[in-house]
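# Understanding the architecture of this molecule
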Amino acid sequence: MAFQEINSKMVRATVAPGQRLFSQRGAMLAYQGDVSFTPSTTGGQGGVMSMIGRRVANEDTPLMTVEGSGTVFFGHGGHHVQVITLSGDTLYVEADRLLAFEGTLEQGTMFLGSQGGVMGMVRGQVSGQGLFTTTLRGHGAVAVMAHGGVFEVPVTPHRAVHVDPQAYVAHHGDVRNRLSTALGWRDMVGRGSGEAFQLELSGSGTVFVQASEEKL
């Protein structure tokens, strides 16, 4: 695995010849060895269409391509960092929560409305989160950021998980998401917290939740 957690707010990544990492711009804290950092025009293996999709999704978080031979230390804003390892599955994660990921992963974009329908769109407008979620698929490691730490909640076929949309960090597995509300349309106006909205995840997998509703 390319990433090793040094403490709750920093990870160390090994960079080897012929391999590459991608990181959020400004995430590099220090490095050793012959390592280069260049702006990424595509990010991951998603190519130009992935880049276009992210721009349409207003997810233009700048990425840097990290290459060479050495060690890099990543962190950002003093946020908690969590490493997630993928073994051929897909991780869905908010773009601004991505710290760094291995170049072996294919990056894409998913429109939340495709799973959540109209309510998925409402989630983006009212909760302040994007309508689109970044996807990372394949074998490799991802470092994500969160406020106040991250805890994992299993999603099982007979027990759905309800999460405040602003506390949602990421999820993976065979999971569907749907936004639900216990309030009427008039009561929802101006409310973006969990009192009005709940992101329901059902199926089989894991959801990562941060210990704060504060946005990054």
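Located above this text is the structure these notes cover.
Keep in mind that this is a model prediction, so the values were computed, not measured.

So, how was this worked out
Residues numbered from 1 in each chain as written. Predicted model: local features only at pLDDT ≥ 70, side-chain atom pairs only at ≥ 80, totals over all residues. Heavy atoms only, no water. Helix = DSSP H or I, 4+ residues; strand = E, 2+ residues; numbered from the N terminus. Buried < 20%, exposed > 50% of the residue type's maximum accessible area, 1.4 Å probe, protein only. Contact = heavy atoms within 4.5 Å. Salt bridge = Lys/Arg side-chain N within 4 Å of Asp/Glu carboxyl O. Pairing = 2+ DSSP bridges. Core = buried A, V, L, I, M, F, W, Y, C linked by side-chain atoms within 4.5 Å.

### Regarding the side chain of Ser23
Along the chain, the position of Ser23 falls in strand 3 (residues 20-24). For Ser23, a relative accessible area of 2% translates into the label buried. Setting aside chain neighbours within four positions, we find Ser23 in contact with Pro62, Leu63, Met64, Val66, Phe74, Leu99 and Ala100.

### Some thoughts on the pattern of salt bridges
On inspection of all chains with the given rule, the structure shows one salt bridge. Ionic pairing is found between Glu67 and Arg20, a salt bridge with its closest N-O pair at 3.3 Å. Of the two residues, Glu67 is situated in strand 5 (residues 63-74) and Arg20 in strand 3; the sequence distance between them amounts to 47 residues.

### Observations regarding the pairing of strand 1 (residues 3-7)
With four bridges connecting them, strand 1 and strand 2 (residues 10-15) associate as antiparallel partners. Bridge assignment links Glu5 to a residue of strand 2, and that residue is Val11. Between strand 1 and strand 2, which pair antiparallel in sequence order, lie two residues.

### Focus on the nonpolar core
Nonpolar side chains in soluble globular proteins tend to end up buried together. Ranked by size, the top nonpolar core spans 18 residues in total, and within it Phe3, Val11, Leu21, Val66, Val72, Phe74 and Leu99 carry the most contacts. Among the elements of the structure, strand 2, strand 5, strand 6 (80-93), strand 7 (98-102) and strand 9 (132-146) are those that each provide at least two residues to this core. Each residue touching Leu21, except ones within four places of it in the same chain, is listed here: Ala2, Phe3, Ala13, Thr14, Val15, Met64, Thr65, Val66, Phe74, Phe101, Glu102 and Gly103. Counting 17 residues, the second largest nonpolar core, distinct from the first, contains Val93, Leu136, Val142 and Phe208.

Function cannot be inferred from these measures alone, as they are strictly geometric.
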